[in-house]
Amino acid sequence: MVEEVQKHSVHTLVFRSLKRTHDMFVADHAKPIDMDEESHKVKMAVKLRTEYSAVLHMPVFKEGKDKGSLQISDPYGQQNFSANPGHDPEYLITGTHPYPSGPGIALTADTQVQKMPSDTGVQSLALALPPSQARQDANRTAASIGDIHRHAGSAERTQPPSHSMSLMEAVGTKNSALATRKAPTMPKPQWHPPWKLYRVISGHLGWVRSIAVEPGNQWFVTGSADRTIKIWDLASGKLKLSLTGHISTVRGVAVSSRSPYLFSCGEDKQVKCWDLEYNKVIRHYHGHLSAVYDLDLHPTIDVLVTCSRDSTARVWDIRTKANVHTLSGHTNTVATVKCQSAEPQIITGSHDTTIRLWDLVAGKTRVTLTNHKKSVRALVLHPRQYTFASGSPDNIKQWKFPDGNFIQNLSGHNAIINTLAVNSDGVLVSGADNGTIHMWDWRTGYNFQRIHAAVQPGSLDSESGIFACVFDHSESRLITAEADKTIKVYREDDTATEESHPVNWKPEIIKRKRF
């Protein structure tokens, strides 16, 4: 037969438990044992060091003029620590309890009052440092008077002055590291004068697809869908010469700065070298399997780089016509190529949305940039900085050589971007398929001007695309090749000022890097 368990109220159980606990610890409630003074001091010193060592250097409590019977001590024995004549000294209370936390703790006879050092005393303390403590960096040695005041009032007075100064320097460095930094903001863009159209040159019978300025800045050359190459006088805009030989659209032209040669490429798969002394073709570079879309000359080596719809770029020896390298890796049309003397020496942009930086010696890819989401049809290298920009319908992106580190996006030109140009003043120009030209400040990405020039009379409104643009070597003129069969020349507006054309810029938090 099971016994029934006696049930008690919660009140009874709580008090029963309380009584048992009281009986267990009754000895602790008896008369306390007399405390040993020395043990208590050791205990309090250990507790002080373990719990408050990080804040012992801070001021604790300041008294007024009335000091009563409190003892005044100067732990350094420096006479210069006395207060200045005619000024009330400041005192710092130190003792076993630097932070009194209860009503039962009060100042006792053991409590010492220390005088705060004067400015003269601080200087003498700084001069008293041994040579080993001297620092060469002025920023680290030159502490403020307030810092030395604060540390001179430390509760631990058993260390020599050199130790206190070392502690002060360490804390000063720590505080400077914790200083709040200013929030990053978008830098103010540089003011650029607006550009205006001042000349329209007509003469081609088809779309003008390519353009290049000769190194002497006397004339420029254009290639067109009418299969001709025309040379124009830069100052007057008059036609100087027409070259025929291609059997399809001329997509790229380049003038050599090392020899009197003109290079051209086209949709007929041909790459030609023209001798400008005889105005005839002297070399052909055979190898591409499809239309050749762009070409560029290396600035220091006699090599030519071309890119094609066959997804490759080819490096040619100009003199021997040999195909030095076939740069393969892109999976779609390679639309643009650029060369430079520094590494990486060749950069290509493709319709497969990637940009590749190539090792010219090995003929292999160094870096592949996959940030763009749409075809990359335009590249431009900054003439002074070690950076470049790429143009695509999604964004214009800026990059840093040699590894292609992303810098920033230039958003807003929502069209198929066919061409980019930049000058030494930091004016970046982007030309698009819909006939719009946007002017950007290179450093900040601020779009300071938008141009949509009227098409040539007699042309369709749809024929307003910008296929190529380039600055002349004086950088005072911008030349564009357009779909209305014309060449347009722009220059800066000399009458514009910062007041007449202000920068419409609003400070904002720095742009996030969008890939």
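Quick note: structure is the one above.
Residues numbered from 1 in each chain as written. Predicted model: local features only at pLDDT ≥ 70, side-chain atom pairs only at ≥ 80, totals over all residues. Heavy atoms only, no water.

**Q** Residues and numbers for the overall build of the chain, please.
**A** From N to C terminus, the chain includes six helices and 31 strands. Residues classed as buried in the chain amount to 45% of the 515 residues present. In the chain, once contacts between residues fewer than 6 apart in sequence are set aside, the share between residues at least 24 apart is 50%. Looking at the chain as shown, the accessible area adds up to about 28,500 Å², and 52% of this sits on carbon and sulfur atoms. (Helix = DSSP H or I, 4+ residues; strand = E, 2+ residues; numbered from the N terminus. Buried < 20%, exposed > 50% of the residue type's maximum accessible area, 1.4 Å probe, protein only. Contact = heavy atoms within 4.5 Å. Areas by Shrake-Rupley, 256 points an atom, 1.4 Å probe, with all protein chains shown as cover.)

**Q** Explain a nonpolar patch on the surface to me, and be specific about the residues and the numbers.
**A** Judged by side-chain polarity, Val10, Val14, Phe15 and Leu18 come together as a nonpolar surface patch covering roughly 420 Å² of accessible area. Locating Phe15 in the fold gives a position in helix α1 (residues 10-24). (Patch = residues over 30% accessible without salt bridge, like charges linked within 9 Å, V, L, I, M, F, W, Y side chains within 5 Å. Salt bridge = Lys/Arg side-chain N within 4 Å of Asp/Glu carboxyl O.)

**Q** Report on the sheet that holds strand β6 (residues 219-224), specifying residues and quantitative values.
**A** As summarised here, the arrangement of the four strands in space is β5-β6-β7-β8, forming an open sheet in which the pairing is antiparallel. Each edge of the open sheet is held by one strand with a lone partner, namely β5 (208-213) and β8 (239-244). Within the sheet, the average angular offset between the axes of one strand and its neighbour, ignoring direction, is 20 degrees. Judged from the five bridges that link them, strand β7 (residues 228-233) and β8 form a sheet pairing that is antiparallel. Across the sheet, residue Lys230 finds its bridge partner in β8, namely Ser242. (Pairing = 2+ DSSP bridges. Axes fitted to C-alpha atoms, helices over the stretch in contact; angles between N-to-C directions.)

**Q** Can you explain the pattern of salt bridges? Please cite residues and give values.
**A** Oppositely charged side chains can pair when the atoms bearing their charge come close. What the rule picks out here adds up to ten salt bridges. For Lys488, the salt bridge is made with Asp484, and the minimal N-O distance between the two is 2.9 Å. Relative accessible area serves as the criterion here: at 3%, Lys488 is assigned to the buried category. Since its relative accessible area comes to 2%, Asp484 is described here as buried. Overlapping salt bridges, with partners in common, bring together Arg258, Asp302 and Arg319 in one network.

**Q** Provide a residue-level description of the pairing of strand β24 (residues 405-410), including the pertinent values.
**A** Of the strand pairs in this sheet, strand β23 (residues 396-400) and β24 are connected by five bridges, and their pairing is antiparallel. Directly across from Lys400, in β24, lies its bridge partner Asn405. Between β23 and β24, which pair antiparallel and follow one another directly, the connecting turn spans four residues, one of which, Gly404, has a positive phi of 70 degrees.

**Q** I'd like to hear about the packing of aromatic side chains, residue by residue, with values.
**A** Counted under the stated rule, the structure contains nine aromatic pairs. Here the aromatic rings of Tyr261 and Phe263 are separated by 6.4 Å at their centres, their planes lie at 85 degrees, and the arrangement is edge-to-face. Of the two residues examined, Tyr261 and Phe263, each falls in the buried class. Seen from their ring centres, Tyr386 and Phe401 are 5.2 Å apart, and the 45 degrees between their planes marks the pair as tilted. A residue pair is termed long-range when its members are at least 10 positions apart, and Tyr386 in the loop between β21 (378-381) and β22 (387-391) and Phe401 in the loop between β23 and β24 qualify at 15 residues. Since its relative accessible area comes to 35%, Tyr386 is described here as partly exposed. Taken together, the ring pairs connect Tyr386, Phe388, Trp399, Phe401 and Phe406 into an aromatic cluster. The ring of Tyr293 carries Arg251 above its face, with NZ or CZ at 4.1 Å from the centroid. Its guanidinium or amino end placed over the ring of Tyr278, Lys280 lies 5.9 Å from that ring's centre, counting from NZ or CZ. (Phe/Tyr/Trp six-rings, centres within 6.5 Å; stacked < 30°, edge-to-face > 60°. Lys NZ or Arg CZ within 6 Å of the ring centre and 35° of its normal.)

**Q** Describe the sheet that holds β24, and please don't skip the residues or the numbers.
**A** Sheet architecture is open: four strands sit in the order β21-β22-β23-β24, paired in antiparallel fashion. Only two strands of the sheet have a single neighbouring strand rather than two, namely β21 and β24. Direction aside, the axes of adjacent strands within the sheet are offset by 20 degrees on average.

**Q** Kindly report on unusual backbone geometry, identifying the contributing residues and their values.
**A** Of the consecutive residues Glu343 and Pro344, the connecting peptide bond is found in the cis state with omega at -10 degrees. Residue position: Pro344 is located in the loop between β17 (334-339) and β18 (346-350). At the junction of Phe401 and Pro402, the peptide bond is cis and its omega measures out at 0 degrees in the coordinates. Checked against the element boundaries, Pro402 lands in the loop between β23 and β24. Phi at Glu475 is positive, roughly 60 degrees, even though this residue is not glycine. Positionally, Glu475 belongs in the loop between β29 (466-471) and β30 (477-482). If you check the backbone angles, Lys485 has positive phi at about 75 degrees while not being a glycine. The residue Lys485 is located in the loop between β30 and β31 (486-492) in this model.

**Q** Can you tell me about the state of the cysteines, naming the residues and giving the values?
**A** In this structure the tally under the stated criterion is zero disulfides. In this structure Cys265 is not part of a disulfide, and its nearest cysteine sulfur, from Cys307, lies 7.2 Å away. Overall, the relative accessible area of 0% leaves Cys265 in the buried class. (Disulfide = S-S within 2.5 Å.)

**Q** Give a description of the side chain of Asp352 that names residues and reports values.
**A** With respect to the helices and strands, the residue Asp352 is situated in the loop between β18 and β19 (355-359). One buried charged side chain, Asp352, makes no salt bridge at all; its nearest oppositely charged neighbour is Arg356, positioned 5.3 Å away. At 3.2 Å, the side chain of Asp352 forms a polar contact with the side chain of His330. Ignoring sequence-local partners within four residues, the contact set of Asp352 consists of His330, Thr331 and Asn332. (Lys, Arg positive; Asp, Glu negative; His and termini not counted. Polar contact = N/O pair within 3.5 Å; in protein donor to acceptor, adjacent residues only side chain to side chain.)

**Q** Help me get a handle on the side chain of Thr222, residues and values and all.
**A** Of note, Thr222 is situated in strand β6. Reaching out from Thr222, the side chain makes a polar contact with the side chain of His204 at a distance of 2.7 Å. Once residues within four sequence positions are removed from consideration, Thr222 is found in contact with His204, Val208, Ser210, Ile211, Thr228, Ile229, Lys230, Trp232 and Ile487.

**Q** Could you give an account of the environment of Ser224, naming the residues involved and the relevant values?
**A** Looking at the secondary structure, you find Ser224 in strand β6. Distance in space between the C-alpha atoms of Ser224 and Arg251 is 7.2 Å, their sequence separation being 27 residues. Not counting chain neighbours up to four residues away, the residues in contact with Ser224 comprise His204, Gly206, Trp207, Val208, Arg209, Thr249 and Val250. Engagement of the side chain of Ser224 in a polar contact is seen with the backbone oxygen of Gly206, the distance being 3.3 Å.

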